[in-house]
Amino acid sequence: MPVTTRVRELRGDQGWSQAELATRLGVSRQTVNAIETGRYEPSLSLALKIAKLFERQVEQVFSL
């Protein structure tokens, strides 16, 4: 079952580039792009870090 994500939308709301988000998360820009396009499902720790950065619950950022 694919995971859907709101990362691109939330990043856009902040006015951040993929590179800026990647720096804030400690990952590569390619990782951010892969998460946004659904080619990569982040680990639990990365998903929690993303949710915390956007001040959301994980379920508000990712869903099945």
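Preceding this section is the structure that the text describes.
Note that this is a predicted model, so its numbers are computed, not measured.

Caption draft 1: Inspection of the pattern of salt bridges at higher detail. Taken as a whole and assessed by the stated rule, the structure comprises 4 salt bridges. Residue Glu-36 is joined to Arg-8 by a salt bridge in which the shortest nitrogen-to-oxygen separation is 3.4 Å. Within this pair, whereas Glu-36 is found in helix H3 (residues 29-36), its partner Arg-8 is found in helix H1 (residues 7-14), the two being separated by 28 residues in sequence. For Glu-36, a relative accessible area of 9% corresponds to the buried category. On the accessibility criterion, Arg-8 (43% relative accessible area) is partly exposed. Here Arg-24 makes a salt bridge to Glu-20, at a shortest N to O gap of 3.0 Å. Of this pair, Arg-24 and Glu-20 both sit in helix H2 (residues 18-25), 4 residues apart, which is roughly one turn of that helix. By sharing partners, the salt bridges in this structure join Arg-8, Arg-11 and Glu-36 into a single network.

Caption draft 2: Structural view of the packing of H2 against H3. It is the contact of H2 with H3, at a shortest axis distance of 8 Å, that shows an interaxial angle of 105 degrees. With respect to H3, the axis of H2 lies roughly perpendicular. Contacts from Gln-18, Ala-19, Leu-21 and Ala-22 in H2 reach Arg-29, Val-32, Asn-33 and Glu-36 in H3. Residue composition of the contact of H2 with H3, grouped by class: 4 nonpolar, 2 polar and 2 charged.

What counts and how
Residues numbered from 1 in each chain as written. Predicted model: local features only at pLDDT ≥ 70, side-chain atom pairs only at ≥ 80, totals over all residues. Heavy atoms only, no water. Salt bridge = Lys/Arg side-chain N within 4 Å of Asp/Glu carboxyl O. Helix = DSSP H or I, 4+ residues; strand = E, 2+ residues; numbered from the N terminus. Buried < 20%, exposed > 50% of the residue type's maximum accessible area, 1.4 Å probe, protein only. Axes fitted to C-alpha atoms, helices over the stretch in contact; angles between N-to-C directions. Parallel < 35°, antiparallel > 145°, perpendicular 65-115°, else oblique. Contact = heavy atoms within 4.5 Å. Nonpolar A, V, L, I, M, F, W, Y, C, P; charged D, E, K, R; others polar.

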